[in-house]
Amino acid sequence: MGQGPEQQGWQPPPQGWGGQGGQPGQPPSDQPQNPQGQPGQYGQPGQGTPPPFQQGTPPPFQQPPPGQYPPGGQYPPQGGQYPQGGQYPPGQYPQGAPFGQGGFPGGPGQFPPGAPGPRASRKPLVALLSAVGALVIVLAVVAIAVWSGKEDPPKRLTAQEKGTAAATALGDVRGLRYTGDFTSGSTPVQADLSVTHAGTASGTLTVFGQRVEMMLLDGDMYVKGPLAFWTSQPETRNAIAGDYADKWSKAPKSLRGFDIRALLIPSALSQNLGQAKPTVVPTGQPTTQPVSGQQALSFEGGNAQYLVTDVAPHRLLQVKAGGEDSFTFTVAELGASELNTLYDGVLDKVKNNLVGALDPYSPIQASGTSRANGCTEARCEVEQAFQNDGATAWVRYHATATTDKAGTKLIGECHKSVKIPKGKTTLRCSVVGAAWKKWVRSLNNGQGNFYSYAWVQVESVSAARAATITDQITKERG
């Protein structure tokens with residue numbers, strides 16, 4: 001409710017409506033009371049004396065007797081008159097009266113029935129507001145103290161906890177890149193490899209100065225290298241090295257001694273590192289050494305040493321091992337784009353280049369020597385017996401006829417793909433062609449000597465096998 005404008009010349013009584021010594025809300029004690037319906041100093045007979053004002057909740061307003069405030073808002077002097085109907089001119093009632101200028105609806109200055117009487121002291125309200133303000137200030141101070149307080153320093157991890165954190169991180173990665181070297185049997189190899197969480201790998205190997213491409217598919221390693229690489233391998237030193245040069249083939253035996261899936265897939269590293277223990281020097285502190293410019297803690301376990309970053313985030317930086325199949329690799333996590341590049345490249349090679357890939361290392365060996373049968377000007381059949389000490393396999397059978405014992409002067413050849421079971425099997429094919437016919441015609445009386453050779457090459461990837469590998473990699477990628 002609004003308060004009317006303050007008027008000059010009016011001073012409020014000491015308490016309530018009374019004078020000195022009166023009770024709050026009652027007339028002064030030295031003046032006669034005005035019983036209801038009797039004239040008195042508060043005006044002519046009207047509605048009676050207003051009920052006493054009680055400290056606390058004010059009583060409902062009672063219609064005042066007729067009378068008039070004098071100009072300036074003073075209380076009426078003894079015998080003064082209120083206006084008829086209890087109305088007062090705007091701004092003519094005392095300062096602090098409960099209604100503003102203009103009064104309530106119903107007319108200017110009108111006291112509506114049931115409206116509260118004069119307002120009590122403001123001191124309780126001021127005290128309440130002061131208390132609320134103080135509470136707000138206290139809360140603000142508390143909030144500032146909490147907000148600006150220093151956080152507890154992070155707990156310092158032990159060396160073992162740092163190794164555990166690095167092992168846990170390895171369990172979540174989808175691929176790692178390795179750069180370094182390893183030894184397969186007695187063959188030293190420099191390597192740059194990317195290995196996925198499922199064991200698919202791609203990269204390059206350098207063997208005796210010869211650089212070859214490499215893929216690891218479903219546990220089998222395939223390589224593509226130059227002729228110089230294949231002539232250095234025991235299985236392909238002879239004339240058949242050309243059948244492998246610059247083609248995808250299964251890796252020779254010299255590169256099969258290093259098990260990438262067992263040692264380098266993220267889950268294997270995670271398990272081995274999780275079981276490793278910190279390397280402790282005589283002072284009792286874990287050793288630290290820089291790797292790629294970062295201080296690293298050393299752990300040992302699973303016949304390998306693991307170097308982990310000393311500061312968070314704790315990650316594997318390097319893994320190495322000694323012995324016959326020694327290796328040293330720096331380790332980095334593959335990003336999403338690097339993984340996509342790896343999968344795209346591998347899938348393209350499997351679909352377009354891997355079918356028919358040969359295996360230079362075979363459990364199938366020739367038994368005895370080859371023989372030529374039924375030779376004519378049109379053809380000559382060459383047969384050879386083979387012993388298969390392994391599982392049933394698809395092989396490519398080759399037969400040649402040459403005029404020299406070294407097998408360099410070719411006059412005819414043939415080949416075919418055939419499946420041979422475990423045990424002994426005899427294979428045959430017929431040498432044909434213009435070179436063979438020309439040589440036969442050049443003989444005197446049809447007499448002449450030639451040499452026949454026969455061998456097999458295991459076909460490691462058929463079309464069905466390539467389709468299976470493609471499906472496996474696609475699921476792994478997804």
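Scroll up a little and you will see the structure.
Rules behind the numbers
Residues numbered from 1 in each chain as written. Predicted model: local features only at pLDDT ≥ 70, side-chain atom pairs only at ≥ 80, totals over all residues. Heavy atoms only, no water. Salt bridge = Lys/Arg side-chain N within 4 Å of Asp/Glu carboxyl O. Helix = DSSP H or I, 4+ residues; strand = E, 2+ residues; numbered from the N terminus. Buried < 20%, exposed > 50% of the residue type's maximum accessible area, 1.4 Å probe, protein only. Disulfide = S-S within 2.5 Å. Phe/Tyr/Trp six-rings, centres within 6.5 Å; stacked < 30°, edge-to-face > 60°. Expected span 1.5 Å × (residues − 1). Arc of directions from axis to C-beta. Contact = heavy atoms within 4.5 Å. Polar contact = N/O pair within 3.5 Å; in protein donor to acceptor, adjacent residues only side chain to side chain. Pairing = 2+ DSSP bridges. Axes fitted to C-alpha atoms, helices over the stretch in contact; angles between N-to-C directions.

A.B. asks: Before we move on, can you summarise the pattern of salt bridges with the specific residues and values?
C.D. replies: Per the counting criterion, the structure on display carries 12 salt bridges. With its nearest N and O atoms 3.8 Å apart, the salt bridge here joins Asp220 to Lys250. You can see Asp220 sitting in strand S5 (residues 220-224) and its partner Lys250 sitting in strand S6 (residues 249-250), a full 30 residues away along the chain. The shortest N-O distance in the salt bridge between Asp359 and Arg256 comes to 2.6 Å. Of the two residues, Asp359 sits in strand S13 (residues 358-359) while Arg256 sits in the loop between S6 and helix H4 (260-264), which places them 103 residues apart along the sequence. In this structure Asp359 comes out as buried when scored by relative accessible area, which is 8%. Under the relative-accessibility criterion, Arg256 is labelled partly exposed at 33%. In the salt-bridge network here, residues are joined through shared partners; they are Asp218, Asp220, Lys250 and Arg465.

A.B. asks: Describe the state of the cysteines, with residues and values.
C.D. replies: What is meant by a disulfide is a covalent connection between two cysteines, made through their sulfur atoms. In the structure shown here, the tally under the stated rule is 2 disulfides. One disulfide bridge connects Cys375 with Cys380, the sulfur atoms lying 1.8 Å from each other. Covalently, Cys414 is tied to Cys429 through a disulfide, its sulfur atoms 1.9 Å apart. Residues Cys414 and Cys429 are joined through a disulfide that is right-handed, its torsion about the S-S bond being 60°. Of this pair, Cys414 sits in strand S17 (residues 410-420) while Cys429 is found in strand S18 (residues 423-431), placing the two residues 15 residues apart along the sequence. Both residues of the pair, Cys414 and Cys429, count as buried. Each disulfide in the protein chain links cysteines that, numbered along the sequence, combine into the pattern 1-2, 3-4.

A.B. asks: Tell me about the packing of aromatic side chains, and name the residues and values.
C.D. replies: Summed over all chains, the structure comprises 12 aromatic pairs. Geometrically, the ring pair formed by Phe258 and Phe329 is tilted, given 6.2 Å between the ring centres and 55° between the ring planes. Placement of Phe258 in the loop between S6 and H4 and of Phe329 in strand S12 (residues 327-333) is noted, with a sequence separation of 71 residues between them. On the numbers, 5.9 Å between centres and 85° between planes, the contact of Phe386 with Tyr397 is edge-to-face. Of this pair, Phe386 sits in strand S15 (residues 380-388) while Tyr397 sits in strand S16 (residues 393-402); the two residues are 11 residues apart in sequence, bridging distant segments of the chain. The exposure classification of Phe386 matches that of Tyr397, with both residues buried.

A.B. asks: Outline helix H2 (residues 159-170), listing residues and values.
C.D. replies: An ideal rise of 1.5 Å per residue puts 16 Å on 12 residues; H2 measures up with 17 Å between its terminal C-alpha atoms. Taken together, the buried positions of H2 are Ala159, Lys162, Gly163, Ala166, Ala167, Ala169 and Leu170. Mapping the buried residues of H2 onto a view down its axis gives an arc of 160°, with all of them on the same face. For H2, the secondary structure elements touched by its buried residues are strand S1 (175-184), helix H5 (266-275), strand S7 (277-278), strand S9 (294-301), strand S10 (304-309) and strand S11 (316-321).

A.B. asks: Any details on the side chain of Gln457? Residues and values, ideally.
C.D. replies: Checked against the element boundaries, Gln457 lands in strand S19 (residues 451-459). Residue classification places Gln457 among the buried positions, given a relative accessible area of 1%. A distance of 3.4 Å separates the side chain of Gln457 from the side chain of Tyr244, its partner in a polar contact. A polar contact of 2.6 Å, which involves the side chain of Gln457, links it to the side chain of His398. Residues within four places of Gln457 in sequence aside, it is in contact with Ile240, Asp243, Tyr244, Leu358, Trp394, Val395, Arg396 and His398.

A.B. asks: Can you explain the sheet that holds S16? Please cite residues and give values.
C.D. replies: Taking strand neighbours across the sheet as the criterion, the 4 strands line up as S13-S19-S16-S17 in an open arrangement whose pairing is antiparallel. The open sheet terminates on both sides in strands that have one partner only, identified here as S13 and S17. When S16 meets S19, the two strands line up antiparallel, connected through 8 bridges. Note that in S19 the partner of Tyr397 across the bridge is Val456.

A.B. asks: Please provide a residue-by-residue account of unusual backbone geometry, values included.
C.D. replies: With omega at -5°, the peptide bond leading from Ala312 into Pro313 counts as cis. Of note in the backbone geometry, Phe208 takes a positive phi value of approximately 50° without being a glycine. Positioned with a positive phi, Asn303 is a non-glycine residue whose angle comes to about 60°.

A.B. asks: Could you give an account of the environment of Lys250, with specific residues and numbers?
C.D. replies: Judged by relative accessible area, which is 16%, Lys250 ranks as buried. Along the chain, Lys250 and Tyr222 lie 28 residues apart, while their C-alpha atoms are 4.3 Å from each other. Setting aside its immediate chain neighbours within four residues, Lys250 contacts Asp220, Met221, Tyr222, Val223, Trp230, Arg256, Leu358, Asp359, Pro360 and Ser460.

A.B. asks: A description of the sheet that holds S15 should follow, citing residues and the corresponding values.
C.D. replies: Taken in spatial order, the 3 strands line up as S14-S15-S18 in an open sheet, and their pairing is antiparallel. For this open sheet the edge positions go to strand S14 (364-373) and S18, each flanked by a neighbour on one side alone. Looking at each pair of strands side by side, their axes are set apart by 20° on average, direction ignored. The sheet contact formed by S15 and S18 spans 9 bridges and is antiparallel. Bridging from a neighbouring strand, Gln387 pairs with Lys424 of S18.

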